[in-house]
Amino acid sequence: MTNPTSPVRVRYAPSPTGIPHIGNIRTALFCWVLAQQTKGEFIVRIEDTDRSRYDADAEKAIFESLDWLGLTWDEGPGKGGPVGPYVQSERQQTYIEAAHRLVESGHAYFDDTTPEQLHALRERQRAAKQPPRYDGRGRHRSTEEIEESRQAGLPITIRLKVPEFGSVSFNDAVRGKITFELKELDDFVILKSDEMPTYHLAHILDDKAMGITHVIRGDEWISSTPRHLLIHQALEIEPPEYVHVPLILGKDKSKLSKRHGATSALEYRDQGFLADAVFNFMCLLGWSPGDDTEVMTREEIVRRFSIDRINDSPATFDVEKLEWMNGVYIRNMSEDELIEHLLPFMERSEADGGLPDTVERPIDQVYLKKLIPLVHERLKLLSEGTETLDFFFADNVYPAAEDLPGRNMDMAMTETALEAALSLCNSVTSFEPEHLEAEYRALAEKIEMKPGQLFSPIRVATTGKAFAPPLFDTMAAIGQERCIERIENALSIVRSAASTSAE
Ligand code: GLU
C-alpha cells in the first residue's frame, strides 16, 4: 500500500495492564510518524475495560514513555478532543448500547453459560482431542430462560453469532490479502458479564466514533481480525485500513522478552540511552527507508516513512546496534548538550550509579566541561559518564597493588617507575599535556623503560583504572597536586604489597 496522501487519523490504544513493551511503543511511533507526514492526527486512547488487570503504574509508564520519546498526541487523555472521552472505562454506555442493538438485530445473543460449564466443555474437548471452542449453546436459550438465569444471579454475557459457513477477507497493508474460513471461529463474547465490552467490540466502536482511518497494530492481532470484520458487518460499518506491523525478536530469534534484557522504553532511558537514538532505532524495527541509511533525524524519518516498506517478517532487536547508535547521537551533541544530559546521571546517589556521595552536588560544571573533550568520543551511554569520569572528581583513588604493574613488569620495577614518576611530578615546571608528555617520554628513556611500561602504573595510580582517557590530558585535568598525592598513594600500596609478600 502506498502512503496515504490525505491526513490520517491514527491511534495508539494501549491497555494499561503492564509496563509497555518496546514493540507496543513502536506501533505508537509508526502512528505518530504517519500522522506527522500526512499532517493528520495522532490519538491516544486508554483501553482499560479489563478492570481486574488495570494497573495505575502501567498507565503512568505509558504516558511517560510517550513523553520521553516526544510522541506528542493531538487528542487523548490530558489533551481532550472532539470525540472523547479517550478512556474506554468512561465510554461503557456506548458499548452496552451497541451490544444490545446487535442482539436486537439478531447478530448477537445473551448467553448464560457459566464459567464452570465452559470449563467442563473445554475439558471434554481436550479429552476428545478437539480444539477448545464454545459450542454455541446460548443460541438456543429463550428470553425467559435468560431472564431466569439473570434473576438467579448467573453471569450473563453477549456473544456475536458467527456464521457457520463462508469466509471473510481483508487487505492488510503489509501482508496483502488475508482470508479466514468462518468455520474456524466460534461465537465470541462482545460484552462481558460485568457489562464491560471485550477489546473486540470496544475498539471497533471507538475507532469508528473517533474517525480512525488506519489501524496500526502488532501482527499478533491478525488472527482476531476476522472477528473484527464480522462486528463491522453486523454494525454495517466500513472497517479501517489495517496495518499489522511485525513482531520483534531477540537476536536468538525468540520473541523479545526479559531474557534479552530491558524490554521497555523507560528502562532504556534509565540505562542512559537518548530519546532521539531510541526513536531512530525503533523506527527501524520493522521498517527501512530502502537504502542503507540508519541514522536519521526525526524530520528525515517523517519524510521517508512509507507503509509499503514495513516488513512482513519479524524484526530483530539488536541492543549492540542501539548502543552504537546512541554513541553516534552522543558524538553529534554539543558539549553543553552532553553535559546537560550527563548531569542527572552523575548527580544520582552513588547507590543509583551516580558519583561517590562524597563528591559535592551540584557537580562543578566548569570542571566537567574541561573533561568532556577527553571522553566525548568514547561514550556510548549517558550512564557511563560516572564510571568514565569518577576519578576526576574523587579525592583520591585506591588501585589494587596487582593492577599497578604494566606488561612484563614486576613489583620492584613498578616501584621504580612510580618513584621516578613522582619525582618528576614534583619538579615539572608546567602541567600542560604536551609538556608532560615530553618530560615523561624523556624520563622513560632515562630510566631505561619502554614508555608504555612507565605510563601504565602512572595511569592506574592517577585514575585507578587500566583504561582511561589519554594519560597526559587526564593528568593535566586532575592537576599537579592531586597527581602527586595519587602517585604517593600508589607507591605506598606497592611498597606495602612488597613488604607483605616478603614476610
Ligand atoms: N489495547 C490493545 C493492546 O494494547 C490495542 C490493540 C490495537 O491497537 O488495536 O494491544
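Up top you'll find the structure we're talking about.
Criteria and cut-off values
- Residues numbered from 1 in each chain as written.
- Predicted model: local features only at pLDDT ≥ 70, side-chain atom pairs only at ≥ 80, totals over all residues.
- Heavy atoms only, no water.
- Near = heavy atom within 4 Å.
- Polar contact = N/O pair within 3.5 Å; in protein donor to acceptor, adjacent residues only side chain to side chain.
- Areas by Shrake-Rupley, 256 points an atom, 1.4 Å probe, with all protein chains shown as cover.
- Nonpolar A, V, L, I, M, F, W, Y, C, P; charged D, E, K, R; others polar.
- Helix = DSSP H or I, 4+ residues; strand = E, 2+ residues; numbered from the N terminus.
- Contact = heavy atoms within 4.5 Å.
- Buried < 20%, exposed > 50% of the residue type's maximum accessible area, 1.4 Å probe, protein only.
- Patch = residues over 30% accessible without salt bridge, like charges linked within 9 Å, V, L, I, M, F, W, Y side chains within 5 Å.
- Salt bridge = Lys/Arg side-chain N within 4 Å of Asp/Glu carboxyl O.
- Lys, Arg positive; Asp, Glu negative; His and termini not counted.
- Charge placed at Lys NZ, Arg CZ, Asp CG, Glu CD.

Here the focus is the site of the ligand. Neighbouring the ligand are the residues Arg 11, Ala 13, Pro 14, Ser 15, Glu 47, Tyr 199, Arg 217 and Trp 221. One of the side-chain N or O atoms of Ser 15 is found 2.8 Å from a nitrogen atom in the ligand. Residue Glu 47 places a side-chain N or O atom 2.7 Å away from a nitrogen atom belonging to the ligand. Relative to its unbound accessible area of 300 Å², the ligand is 88% covered by the protein chains. Each residue belonging to the shell around the ligand can be placed in one class, and the counts come to four nonpolar, one polar and three charged.

Note that Gln 88 resides in the loop between helix H2 (56-69) and helix H3 (92-104). When neighbours within four sequence positions are excluded, Gln 88 is seen to be in contact with Arg 45, Ile 46, Glu 47, Asp 48, Thr 49, Tyr 95, Ala 202, His 203 and Asp 206.

Omega for the peptide link from Gly 84 to Pro 85 comes to -5°, which places this bond in the cis form. With respect to the helices and strands, the residue Pro 85 is situated in the loop between H2 and H3. The step from Arg 361 to Pro 362 runs through a cis peptide bond, and the omega angle for that step is -10°. The topology assignment puts Pro 362 in the loop between helix H12 (335-346) and helix H13 (365-375). Notably, Lys 253 is not glycine yet its phi reads approximately 70°, a positive angle. Within the secondary structure layout, Lys 253 lies in the loop between strand S10 (248-249) and helix H8 (265-270).

Its place among the elements puts Ala 275 in helix H9 (residues 275-283). Of the residues examined, Ala 275 reaches a relative accessible area of 16% and is grouped as buried. In the structure, Ala 275 is positioned 208 residues away from Asp 67 in sequence and 9.7 Å away in space, judged by C-alpha atoms.

What follows concerns a negative patch on the surface. A surface patch of like charges, here negative, comprises Asp 395, Glu 481, Glu 485 and Glu 488. With respect to the helices and strands, Glu 485 occurs in helix H19 (residues 480-502). On the accessibility criterion, Glu 485 (34% relative accessible area) is partly exposed.

Quick look at the pattern of salt bridges now. Scanning the model with the defined rule gives 34 salt bridges in all. For Glu 267, the salt bridge identified is with Lys 258, shortest N-O distance 2.9 Å. Residues joined in a network through salt bridges with shared partners are Arg 11, Arg 45, Glu 47, Arg 91, Asp 206 and Asp 207.

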